[in-house]
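# Descriptive analysis of the structure
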Amino acid sequence: MQHLLTALLVCVLTLTGALAQETTGSGDMVEPGVRVRVSPLADIAIDLARSVAATSVSLRTAVVASELSAQVLEMPVIAGDVVAADALLARLDCRDNILSLQSARSLLKALQARQSLAEQQLERLMRLSKTRNATEEQINQRQAELDIVNAEIATQGIAINAADRQVDRCEIRAPFGGLVTETPGQVGNYLVPGAPVVSLVELERIELKAALLESQVEEVIGNAPVFEFAGRTWSLQVRSVFPVVDQTTQTREVRFRFTTGNPPPGATGRLRWSLEGNILPATFIIERGDHAGLFTVSSRGNTQVTFLPLKDAKPGQPVVTDLADDLLIVTDGRFGLQPNQQVLAE
């Protein structure tokens, strides 16, 4: 029995020695350090972005007005209709204008008859003058009569054109294709020249306008701005920077051209643009010695932390950085760390 106990004790001592040699004697394994959590810079940094309010505007809007004093007989469009260019918007009572045109044409025919008679009389006198049966004074008188009637015919031609235009104005047509937003003119209304009939907004040619500070203008020009509205995003290109500064806001109006489709006119959203670099939140800034920075690791697992000082960094304040997005930053367990400390990065 005593021999059996001795043998068991020898086995236990042997196994204990072997384990001790495996864990410490060889020197190949390192004691795991403090557990910390790490994340890539891209997961914790904030894009260095700017944004301001902006509104999409149509390049063409019009309040189509009456050019006549007349009653509205027909209104084939209502608010919300999309019409093509030259589409009929309203038809006015044109009977008086048609009568004026017919009267002008009748007067022209009378003048043309007088013209024909004057030409015949002048021609007859010219023949008689060859046989000395007509005086030069008679010829000059007939010539003057012919000149007068020719001038009256020219004037009447102008009057006919004017009367014809008045008839054309009885049909109010769209100056361009777009959306009918209002119809102040209604059937039965008596309109006077200048009275609004239809409000029209073009839907195709849309721009974005925004009021920017001088520094923001320079940033936008050098980056790729976008417009965000109702969960959608449109790419933009700067078209024009107004050369005047608003005295109240000290901003300049900037117009942008849409490069990927158009939002509806009147959409108020956010004009956004990003600058180079990222913003590192203040919570990750640690102070060690005379420097402020952050702790990083080269890989996950057993490793050493590296303290990376950051230029212009101050504890409690975010800092702009251009570090690589895949740099592993210590996010949890960082407060008690020291440079080159052994850690287990997870």
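Let us look at the structure shown here.

## Some details on the pairing of strand 6 (residues 88-92)
Of all five residues in strand 6, four are buried, a share of seventy percent or more. When strand 4 (residues 70-74) meets strand 6, the two strands line up antiparallel, connected through two bridges. Within the sheet, the bridge partner assigned to Glu74 lies in strand 6 and is Arg91. With three bridges connecting them, strand 6 and strand 7 (residues 171-173) associate as antiparallel partners. Across the sheet, the residue bridging to Ala90 is Ile172, located in strand 7.

## Observations regarding the sheet that holds strand 4
Spatially, 7-6-4-9 is the arrangement adopted by the four strands of the open sheet, whose pairing is antiparallel. Because the sheet does not close on itself, it has two edges, and the strands there are strand 7 and strand 9 (190-191). In this sheet, strand 9 lies alongside strand 4 in antiparallel orientation, the contact comprising two bridges. Paired with Gln71 across the strands is Tyr190, a residue of strand 9.

## Some words on the sheet that holds strand 10 (residues 196-201)
As summarised here, the arrangement of the four strands in space is 3-10-8-5, forming an open sheet in which the pairing is antiparallel. Two strands bound the open sheet, and with one partner strand each, they are strand 3 (61-65) and strand 5 (82-83). Bridge count for strand 8 (residues 178-182) against strand 10 is three bridges, and the pairing is antiparallel. For Leu179, the partnering residue across the bridge sits in strand 10 and is Val201.

## Details of the environment of Ser100
Take Ser100: it is sitting in helix 3 (residues 95-129). In this structure the C-alpha to C-alpha distance between Ser100 and Ala159, which are 59 residues apart in sequence, comes to 9.7 Å.

## Observations regarding the packing of helix 3 against helix 4 (residues 136-168)
Two elements in contact, helix 3 and helix 4, have axes separated by 8 Å at closest approach and are oriented at 160 degrees. Taken together, helix 3 and helix 4 sit at an angle that is classed as roughly antiparallel. Judged by the sense of rotation from one axis to the other, the crossing of helix 3 with helix 4 is left-handed.

## So, the state of the cysteines
Within the structure shown, the criterion is met by one disulfide. In this model, Cys94 is linked to Cys170 through a disulfide, with the two sulfur atoms separated by 1.9 Å. The sign of the 75 degrees torsion about the S-S bond sets the Cys94-Cys170 disulfide as right-handed. With Cys94 in the loop between strand 6 and helix 3 and Cys170 in the loop between helix 4 and strand 7, this pair connects stretches of sequence that are 76 residues apart. Accessibility assignment for this pair places Cys94 and Cys170 in one class, buried.

## Focus on the packing of aromatic side chains
All told, the structure shown has three aromatic pairs when counted by the stated rule. Where Phe227 meets Phe258, the ring centres are 6.1 Å apart and the plane angle is 70 degrees; that geometry is what we call edge-to-face. With Phe227 in strand 12 (residues 226-229) and Phe258 in strand 14 (residues 252-258), the pair connects residues that are 31 residues apart, well separated along the chain. By relative accessible area, which is 0% here, Phe227 ends up buried. A relative accessible area of 9% places Phe258 in the buried class. Grouping aromatic residues by their ring pairs yields a cluster made of Phe227, Trp234 and Phe258.

## What to know about unusual backbone geometry
Backbone geometry places Asp86, a non-glycine residue, at a positive phi of 70 degrees. In the Ramachandran plot, Asn340 falls in the positive-phi region, its phi being about 70 degrees despite a non-glycine side chain.

## Some words on the side chain of Arg334
Relative to the helices and strands, Arg334 resides in the loop between strand 21 (328-332) and strand 22 (342-345). Summary of buried charges: Arg334 has no salt-bridge partner, and the nearest side chain of opposite charge, Asp332, is 4.4 Å away. Polar contacts involving the side chain of Arg334 include one to the main-chain carbonyl oxygen of Thr283, which spans 2.8 Å. Not counting residues up to four positions away in its chain, the partners in contact with Arg334 are Thr283, Phe284, Ile286, Arg288 and Phe295.

Cut-offs applied
Residues numbered from 1 in each chain as written. Predicted model: local features only at pLDDT ≥ 70, side-chain atom pairs only at ≥ 80, totals over all residues. Heavy atoms only, no water. Buried < 20%, exposed > 50% of the residue type's maximum accessible area, 1.4 Å probe, protein only. Helix = DSSP H or I, 4+ residues; strand = E, 2+ residues; numbered from the N terminus. Pairing = 2+ DSSP bridges. Axes fitted to C-alpha atoms, helices over the stretch in contact; angles between N-to-C directions. Parallel < 35°, antiparallel > 145°, perpendicular 65-115°, else oblique. Left-handed = near helix turned anticlockwise from the far one by under 90°. Disulfide = S-S within 2.5 Å. Phe/Tyr/Trp six-rings, centres within 6.5 Å; stacked < 30°, edge-to-face > 60°. Lys, Arg positive; Asp, Glu negative; His and termini not counted. Salt bridge = Lys/Arg side-chain N within 4 Å of Asp/Glu carboxyl O. Polar contact = N/O pair within 3.5 Å; in protein donor to acceptor, adjacent residues only side chain to side chain. Contact = heavy atoms within 4.5 Å.

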